[in-house]
Amino acid sequence: MPSSELAGLELRPSSRVYGLVDCNSFYCSCERVFQPKLNGKPVGVLSNNDGCIIALTPELKALGVSMGAPPHLHRSVLEDNKVALFSSNYELYGDLSARVMGTLQHFSPMVEVYSIDEAFVDLSHYAADLVSAVGRQIRNVIYKRVGIPVGVGIGSTKTLAKLANRYAKEHGGVYSFMGVSQPELLKSIPIKTIWGVSHQYQQRLQNHGIKSVWDLTQADDTWLMKFFPVTLVRTVYELRGYECLSLAELPKSKRHILNSRSFGQYISDKKTLASALSYHASRGGEEMRKQKLCANALSIFIKTNRNREDLPQYYGSTTIGLESPTDYTPDLIQVALQALDRVYRPGYKFQKAGVILLDLVPDGIRQQSLWMAEDTLKGQRVMQAMDTVNGLMGKGTLRLGTEGFQRDWAMRQEKLSPRYTTCWDDLLRV
Amino acid sequence: MELMQPQFKRAQTPTLDFTTETGFQSPAHDYRVKSLSLDELLIRSPAATFFVRVDHSDIDGIEREDILVVNRAHALVDGRVAVMVIDGEFALRRLRRYGQTWLLQTDTITQQQKIDETMICWGIVDAVIRTCWS
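Values in this document were obtained by computation on a predicted structure and should not be read as measured data.

Undergrad: Quick question: what am I supposed to make of the overall build of chain A here?
TA: The secondary structure content of chain A amounts to 15 helices and 14 strands. Relative to its 430 residues, chain A shows a buried fraction of 52%. The long-range fraction of contacts in chain A, counting pairs at least 24 apart against all pairs at least 6 apart in sequence, stands at 68%. Of the roughly 20200 Å² of accessible surface on chain A, 51% is carried by carbon and sulfur atoms.

Now the structure itself:
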């Protein structure tokens, strides 16, 4: 029986169908769109200042190179195998991401962007026996139109869709939990693969003989409620096919931090959008400092209400690489506003805006320019003081004015590909 | 000659406030129309359309330095010009259908080539843009 803490939720088996669409080796796939001869060859993308590998294809993984590896440690492997390495070209990735998300809107009225390369689509309006075919079509259409290979996981809750996505690759790109109960598969999935179950709780579950996802779905509610936080109990319900997490409540991806909010009323003017984005950027900065992370890139989006067909529709999104990984709020705000300059269009009624911090790395490996060091340390102390005050007196008590911080010395990007889709001088040549 | 008002997307289009101090609308109010946009004319599938610059062309009507509006949403279309990937390299070819087979042609040489699975049709050319300045 559902206990009181869950009782507020409508606990009926979900009647919805969700797809999680996830781009395969997204940054590398973006580079391959414009260099098709790299299909099937090992490709890697480097962080800012070309410090470490932040994206790689299975072909590169097979050579023993892993995520986060500094390329100089693998120099001979990389050279011997003629591995194509690129500096991160966030303008290109952001543009292709927007195209993938735009293409998804042909399939569903509800597309929820979860990260630069992942989105949930509501597929409830398709007949149950067709959803796998729809999944395959999504895959084919995105590959044909944008050139990016994707995997699609399908389930009656977002947690199940996310789990199904893990098995998409080995099932030809689409995997669905719909219409079949699959204890065998669930028994073979270790609990560590589930979203949002921390190491500490995994241990506790295992000590009680709960090893697989199947075991977890069979666990006793009262026992779960007594020894685990409500978020875990909700995840268990999601795995059982009861929808109880909204997008905002989903476990945070470790790779990015998203802050967004719908406006109370439609907003058209740039100034108000700018202050909303500044707010989201500074919340994101705060969250990174709490988790001791730094972002390599920042992406913003502004969107109109798609359900208001009578109003002109616009979805603007862009991504900008930061010259060095940072958690420093003034820098984040400055870049967010620069991004707004690029995508803002007058004459639309905007309903929602958000800031996504991407390619997070532990702040210990922050790479700094020498002459920036002192500045940054000072910045860190200011940020610490700000977070403390905001923690005591409430969020947003201390805020930054959004004026001038210029840091426009060039970063090291020796292997940068052309900005094929965002710069006239950089077009693909045929 | 008909005078047309192009729309410059990036430029700040001043929004006119048609309400005068008397509270009456301007008599021009009813005649407001959306200005023309080249994007609207040339781009059929925004998410699938890419601009490409010509380096080398063996196709009539397409010259070096032209900008092509390439649409990836199309299936193969008989007679249209495609951006093909042949041996991993980009090339412009005219598509020709003979029964079940598709052939690739150029307009300068009579040689034809069958499409095989090693080739990719990257996109179909929807429009050619040529500026008169250089």
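Undergrad: Just checking my understanding: could you explain the interface of chain A and chain B for this structure?
TA: How big an interface is tends to be expressed through the accessible area that disappears when the partners come together. Taken together, the contacts link 22 residues of chain A with 28 residues of chain B. Between chain A and chain B the total buried area reaches about 2300 Å² when both faces are included, carbon and sulfur atoms providing 55% of it. Considering only the surface of chain A that becomes buried against chain B, Arg145(A), Arg429(A) and Val430(A) emerge as the three largest contributors, covering 31% of it. At the junction of chain A and chain B, the tally comes to three salt bridges. A salt bridge links Glu65(B) to Arg429(A), with the nearest nitrogen and oxygen atoms 2.6 Å apart. Our enumeration of links across chain A and chain B arrives at 14 residue pairs in polar contact (both at pLDDT 80 or more). Taken together, the residues of the side of chain A that touches chain B break down into ten nonpolar, four polar and eight charged.

Undergrad: How should the environment of Thr108(B) be read in this particular structure?
TA: Checked against the element boundaries, Thr108(B) lands in the loop between strand S5 (101-105) and strand S6 (112-114). For Thr108(B) and Asp60(B), which are 48 residues apart along the polypeptide, the C-alpha to C-alpha distance reads 8.0 Å.

Undergrad: I'm lost on the side chain of Asn296(A) in this one. Help?
TA: On the secondary structure map, Asn296(A) appears in strand S10 (residues 293-304). Take Asn296(A): its relative accessible area is 1%, and that puts it in the buried class.

Undergrad: Would you mind going over the packing of aromatic side chains with me for this structure?
TA: Here a ring pair, both rings aromatic, is described through the centre-centre distance and the interplanar angle of the planes. One pass over the structure, following the stated rule, counts 22 aromatic pairs over all chains. Their ring planes at 50° and their centres at 6.3 Å tell us that Tyr348(A) and Phe350(A) sit as a pair that is tilted. The buried category is assigned to Phe350(A), whose relative accessible area is 0%. Counting every residue linked through ring pairs, the aromatic cluster contains Phe34(A), Tyr420(A), Phe50(B), Phe90(B) and Trp122(B). Positioned over the ring face of Tyr279(A) is Arg283(A), at 4.6 Å from the centre of the ring. In this structure, Arg72(B) packs its charged tip against the face of Trp122(B), placed 4.9 Å from the ring centre.

Undergrad: Help me understand unusual backbone geometry in this model?
TA: Where the residue is not glycine, phi is negative for most of them; where a peptide bond is considered, it is trans in most cases. Residues and elements named next belong to chain A. One non-glycine residue, Lys292, adopts positive backbone phi at about 55°. Topologically, Lys292 is positioned in the loop between helix H13 (270-291) and S10. With a relative accessible area of 53%, Lys292 lands in the exposed category. Non-glycine residue Asp359 carries a positive phi angle of around 50°. When you line up the elements, Asp359 lands in the loop between strand S12 (350-358) and strand S13 (361-362).

Undergrad: Got a minute to help me understand the packing of helix H7 (residues 158-166) of chain A against helix H12 (residues 230-239) of chain A in this structure?
TA: The packing of two helices is summarised by the inter-axis angle and the distance between the axes. All names here are of chain A. Running from amino to carboxyl end, H7 crosses H12 at an angle of 70°, the nearest separation of the two axes being 7 Å. Judged on the interaxial angle alone, H12 and H7 are roughly perpendicular. Listed contacts from H12 to Lys158, Thr159, Leu160 and Leu163 of H7 are Thr235, Glu238 and Leu239. Residue composition of the contact of H7 with H12, by class: three nonpolar, two polar and two charged.

Undergrad: How should I be thinking about the sheet that holds strand S7 (residues 150-155) of chain A in this particular structure?
TA: All names here are of chain A. In spatial order, the strands read S5-S6-S1-S7-S8; together these five strands make up an open sheet with mixed pairing. Looking at the sheet topology across the chains shown, the edges are occupied by strand S5 (111-115) and strand S8 (174-176). Pairs of neighbouring strands in the sheet enclose a mean axial angle of 20°, with direction left out of account. With six bridges joining them, strand S1 (residues 18-23) and S7 adopt antiparallel strand pairing. Residue pairing in the sheet places Cys23 in a bridge with Val150 of S7.

Undergrad: Explain H7(A) here, please?
TA: One turn of an α-helix holds 3.6 residues; hence residues three or four places apart share an orientation. For H7(A), the buried fraction is high: seven of the nine residues fall into the buried class. Listed in full, the buried residues belonging to H7(A) are Lys158(A), Thr159(A), Leu160(A), Ala161(A), Leu163(A), Ala164(A) and Asn165(A).

Parameters and conventions
- Residues numbered from 1 in each chain as written.
- Chains lettered and ligands numbered in written order.
- Predicted model: local features only at pLDDT ≥ 70, side-chain atom pairs only at ≥ 80, totals over all residues.
- Heavy atoms only, no water.
- Helix = DSSP H or I, 4+ residues; strand = E, 2+ residues; numbered from the N terminus.
- Buried < 20%, exposed > 50% of the residue type's maximum accessible area, 1.4 Å probe, protein only.
- Contact = heavy atoms within 4.5 Å.
- Areas by Shrake-Rupley, 256 points an atom, 1.4 Å probe, with all protein chains shown as cover.
- Buried area = accessible area lost by both parts, 1.4 Å probe.
- Salt bridge = Lys/Arg side-chain N within 4 Å of Asp/Glu carboxyl O.
- Polar contact = N/O pair within 3.5 Å; in protein donor to acceptor, adjacent residues only side chain to side chain.
- Nonpolar A, V, L, I, M, F, W, Y, C, P; charged D, E, K, R; others polar.
- Phe/Tyr/Trp six-rings, centres within 6.5 Å; stacked < 30°, edge-to-face > 60°.
- Lys NZ or Arg CZ within 6 Å of the ring centre and 35° of its normal.
- Axes fitted to C-alpha atoms, helices over the stretch in contact; angles between N-to-C directions.
- Parallel < 35°, antiparallel > 145°, perpendicular 65-115°, else oblique.
- Pairing = 2+ DSSP bridges.

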